[in-house]
Amino acid sequence: MMGLRVALRSTSRIRLDAEFDCAAGELVALVGPSGSGKTSILRAIAGLWRLPGLSGHIRVQGQDWFDSSQDINLSPQARRAGLVFQHYALFPHMSATANVALAADKHWTAQDIAALLDRMGLTGLGERTPAQLSGGQQQRVALARALVRVMSGASVQADVGGVLLLDEPFSAVDAPTRLALYRELAALRQQVAAPMVLVTHDLAEARRLADRVVILDAGESLQTGVPSHVFASPRNARVAQLVGIQNHFQGRFDRHEPGWARLTWRGQSGTEVHFKVIDKNRIADGTAVTWVLNGEFVEVKSANIATTSSGTNENVLHCQIQEILSLGETSLCTMAPEGLAGERITLQLPGQMVRTGQWQAGTPVQLSIAPQALHIMPVK
């Protein structure tokens, strides 16, 4: 395929077992905790990480940059990889123009570089040094420097034979500047058909910017997909933990009728609660499972409101509010399910539902849980 294809393995002190692709014009976010291998993968793509034990391949726009089976390993200079570092890495004694020109090849003229700086919102700032630029302006210079490595010229029609690598590029700027840079990245994607790989620890940023996310842990790619699917339907318990899902429990899965199954949630006292769930025909009958509750499909009601026995009200769980924490426009509500000692459910609720004073610690409520709110995973 055209675009970027990565399959890397390493058994050295830095373990790696990662595989993903990124089409031309697509933005893929690498997400994971510190030490998960995100930056190591970027450095490997750029040719800056060259451990003897590294195997696999890196292919960009149909060209092999690295292939251990054929002894191919292009130098960093031979790879058209534009890398934007978290802290810019601009040369402090050089002007913005000189910083960008340093990375440009023979296809770029002085006029091309000036045009690129204009396009990045840096008109009239080319002769300033990094110390004379704001954080957002320095970030734009770093992005322009990366782009001259990816493109063969400043025109929109210029050949794009490389890949743009972004190593947490927005974490060191304030919120208004970050939003402005998000807009610039979105505009850039409409003009430059290059594969773009973003490293971020910010799940909200990945959801906002990425077409797909790759969840990494200890150097291994655990799940790849569109953000909405990965964050709502993690593949296993570890992915659920890494994407910050709070309501994560153990249970048992039993086939019930075509297309439906029963999820049993058992408390420490032996009390059981049963939920109707969608059977995707992926889990065997009677399997011990782990499951998560997606709060977007849960409706919280006062305990005295009558419920029906069909539709999305099929699953009704009675709870008692344990704690309410105000978070501005929303409130974080922790509830204890009735009869399930030691278990807790945490949901984010609109602030106005709590500010009336009707709900407080000790208030009984009921949860109407739609079947699609319950995501079932095998225990691994």
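Computed from a prediction, not measured in an experiment: that's the story for all the values here.

This brings us to the pattern of salt bridges. Where charged atoms from two side chains of opposite charge approach closely, those side chains can pair. Within the structure shown, the criterion is met by 13 salt bridges. Of the charged contacts, one joins R5 and E19 as a salt bridge, the two residues approaching to 2.4 Å between their closest N and O atoms. Highlighted residues: R5 in strand β1 (residues 4–11) and E19 in strand β2 (residues 15–22), separated in sequence by 14 residues. Classification of R5 by relative accessible area gives partly exposed; the value is 21%. Note on E19: relative accessible area 33%, which makes it partly exposed. In this structure, E26 engages R212 in a salt bridge whose closest nitrogen and oxygen atoms are separated by 2.7 Å. A residue pair is termed long-range when its members are at least 10 positions apart, and E26 in the loop between β2 and β3 (27–31) and R212 in strand β10 (residues 212–217) qualify at 186 residues. Of the residues examined, E26 reaches a relative accessible area of 13% and is grouped as buried. Three or more residues joined by partner-sharing salt bridges are found here, namely R5, R9, D17, E19, D21, E26 and R212.

On to the state of the cysteines, then. Across all of its chains, the model carries 0 disulfides by this definition. The thiol of C319 is unpaired, and the distance to the nearest cysteine sulfur, on C333, comes to 9.0 Å. Taking the relative accessible area as the measure of exposure, C319 reaches 6% and is therefore buried.

So, on to the side chain of T363. Structurally, T363 is set in the loop between α9 (352–355) and β20 (364–369). Among the residues examined, T363 registers a relative accessible area of 15% and is labelled buried. Only 2.9 Å separates the side chain of T363 from the backbone oxygen of Q360, close enough to count as a polar contact. Excluding residues that lie within four positions of it along the chain, T363 makes contacts with C319, Q320, I321 and Q358.

Our next topic: empty space enclosed by the protein. If a probe the size of a water molecule is rolled over the atoms, the empty space left behind becomes visible. Applying the stated criterion across every chain yields a total of 1 cavity of 30 Å³ or more. Put simply, the largest cavity is a space of about 80 Å³. Residue lining of the largest cavity: V84, Q139, L143, L166, P169, F170, L181 and L185, and that is the complete set. For the lining of the largest cavity, the secondary structure elements donating two or more residues are α4 (135–150) and α5 (175–191). Of the residues belonging to the lining of the largest cavity, the class tally is 7 nonpolar, 1 polar and no charged.

Right, let's get into the confidence of the model for the chain. Predicted confidence across the chain gives a mean pLDDT of 86, with 92% of residues reaching 70 or more. Long-range and interchain partners of residues 309–313, a stretch whose pLDDT sits below 50, account for 8 contacts in this model, where long-range means more than four residues apart.

What follows covers the pairing of β3. Taking burial as the measure, the 5 residues of β3 include 5 buried ones, the bulk of the element. Alternating residues of β3 divide into L27, A29 and V31 and V28 and L30, and every residue in both groups is buried. Where β3 lies against strand β9 (residues 196–200), 5 bridges are found, and the strand directions are parallel. Bridging across to β9, V28 finds its partner in V197. With 4 bridges connecting them, β3 and β10 associate as parallel partners.

This part takes up the nonpolar core. Counting 53 residues, the largest nonpolar core has L164, L185, L188 and I215 as its most contacted members. Setting aside residues no more than four positions away along its own chain, L188 makes contact with R119, L143, L147, L164 and M196. In this structure, A261, V277, I321 and I369 belong to the second largest nonpolar core, which totals 30 residues.

On to the sheet that holds strand β17 (residues 315–326). Strand order in this open sheet of 5 strands is β16-β20-β17-β18-β19, and the pairing throughout is antiparallel. In this open sheet, the two edge strands, each paired with only one partner strand, are β16 (298–302) and β19 (345–350). When the angles between neighbouring strand axes are averaged without regard to direction, this sheet yields 45°.

The subject of this paragraph is helix α1 (residues 38–46). For α1, a buried count of 7 out of 9 residues is recorded, marking the element as mostly surrounded by other parts of the structure. Those residues of α1 lying buried are K38, S40, I41, L42, A44, I45 and A46. Residue G47 follows α1 closely and has a positive phi angle near 85°.

Conventions and cut-offs
- Residues numbered from 1 in each chain as written.
- Predicted model: local features only at pLDDT ≥ 70, side-chain atom pairs only at ≥ 80, totals over all residues.
- Heavy atoms only, no water.
- Salt bridge = Lys/Arg side-chain N within 4 Å of Asp/Glu carboxyl O.
- Helix = DSSP H or I, 4+ residues; strand = E, 2+ residues; numbered from the N terminus.
- Buried < 20%, exposed > 50% of the residue type's maximum accessible area, 1.4 Å probe, protein only.
- Disulfide = S-S within 2.5 Å.
- Polar contact = N/O pair within 3.5 Å; in protein donor to acceptor, adjacent residues only side chain to side chain.
- Contact = heavy atoms within 4.5 Å.
- 1 Å grid on protein atoms, 1.4 Å probe; cavity = no way out; pocket = protein on both sides within 12 Å on 5 of 7 lines; lining within 4 Å.
- Points joined across faces, edges and corners; volume = space filled by probe spheres on them.
- Nonpolar A, V, L, I, M, F, W, Y, C, P; charged D, E, K, R; others polar.
- pLDDT = per-residue confidence, 0-100.
- Pairing = 2+ DSSP bridges.
- Core = buried A, V, L, I, M, F, W, Y, C linked by side-chain atoms within 4.5 Å.
- Axes fitted to C-alpha atoms, helices over the stretch in contact; angles between N-to-C directions.

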